[in-house]
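One-letter residues, chain by chain:
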Amino acid sequence: MTAIQRHNGLAEKVYEALLAQLMGLKIAPGARITVDNLVRELQVSHTPIREALGRLEGEGLVVKTHLIGYSAAPQISRRQFDELYELRLLLEPDSARRAAEAMTGERLEALRDLADMMSGGSDEDARRRYSAFARQDAVFHDRILEFAGNELIRHTLAHQHTHFHIFRLMFHARVTEEALTEHQALLDAFTSADGAAAKAAMHDHIARSRQRLLPAFDL
Ligand SMILES: [Zn+2]
C-alpha cells in the first residue's frame, strides 16, 4: 500500500511538472516530447513519465502518434476557440442562474474556498502558478455546473477540457488577475441567491475571458 501511494505521489509530481511546462509554453505547441529526455531532466524512471503523459493525452494536451511518440498538442484553432466560447456562452450563464437558485451554505463555502485558493498563488514559479490557476478555474466552473444540476451539460463541458486549451493560448498574469474580480461578482450573486445577477456575471466573465485571449491569434 505504501509503495503504491509513493508511486502515485511521484506520478502526480511528474504530471504537475509537465502540465506547468505545457501551460507555460515552455514545451511549445506541436513540439516533440521525448521520454528519455524527461527521464534525464526530471530524474525519474519511465513509468511515472508515461503515466503522466497518458493522463495529459486524455486531457487533450499531449498527442501520441504511432511509431513517432508523444508531442505537445497543437494550439487550438481560431475556429475551435470561437466554437468553445459559443458553447460556453450558451450553457454556463444559464447554469450559473440555476446554481444560484439552488445555492446552499455548504455549496457557497466550497466555491469561496476555491476562489480563495485561486487568489493565493503561493508557488513562486510563475508557470506552476499559472497552470494551477487553470486547473482551479476548471474546478470552480465545474462545481457551478454540478450545483446547477444538469449532469449532461456538466460532462459536455468537462469533456472539452476548455480551461487547459484556452489558458495555454497565452501565458500572462492579466488573464488571472481580471478573472479573480469577475469570480467575486459571481460569488456576490451566489451569496444573495440572485439567479439573474449570477447569469449576468457568468456571461460577463466568459465574454471578457474571450476578449482577453483573442489577441493570442494575432501573435
Ligand atoms: Zn473563471
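For the structure itself, look to the data block above.
Residues numbered from 1 in each chain as written. Predicted model: local features only at pLDDT ≥ 70, side-chain atom pairs only at ≥ 80, totals over all residues. Heavy atoms only, no water.

(A) Spatial organisation of empty space enclosed by the protein. Scanning the model with the defined rule gives one cavity of 30 Å³ or more in all. Each pocket or cavity is described by its volume, and for the largest cavity that value is around 70 Å³. If you trace the largest cavity, you find it lined by Arg88, Asp137, His141, His163, Ile166, Phe167, Val175, Ala179, His205, Ser209, Arg212 and Leu213. Among the elements of the structure, helix H6 (126–148), helix H8 (162–167), helix H9 (173–191) and helix H10 (195–213) are those that each provide at least two residues to the lining of the largest cavity. With four residues, the top contributor of residues to the lining of the largest cavity is H10. Class assignment for the residues of the lining of the largest cavity results in five nonpolar, four polar and three charged. (1 Å grid on protein atoms, 1.4 Å probe; cavity = no way out; pocket = protein on both sides within 12 Å on 5 of 7 lines; lining within 4 Å. Points joined across faces, edges and corners; volume = space filled by probe spheres on them. Helix = DSSP H or I, 4+ residues; strand = E, 2+ residues; numbered from the N terminus. Nonpolar A, V, L, I, M, F, W, Y, C, P; charged D, E, K, R; others polar.)

(B) Quick peek at the packing of aromatic side chains. For the structure shown, the criterion picks out four aromatic pairs. The side chain of arginine 55 reaches across the aromatic face of tyrosine 15, ending 3.5 Å from its centre. Stacked on the ring of phenylalanine 217, the Lys or Arg arginine 78 has its end atom at 5.9 Å from the ring centre. (Phe/Tyr/Trp six-rings, centres within 6.5 Å; stacked < 30°, edge-to-face > 60°. Lys NZ or Arg CZ within 6 Å of the ring centre and 35° of its normal.)

(C) Representation of helix H3 (residues 46–58) within the structure. Here H3 spans 18 Å end to end across 13 residues, near enough to the 18 Å set by a 1.5 Å rise per residue. Taken from the residues just after H3, glycine 60 is the one with a positive phi, measuring 80 degrees. (Expected span 1.5 Å × (residues − 1).)

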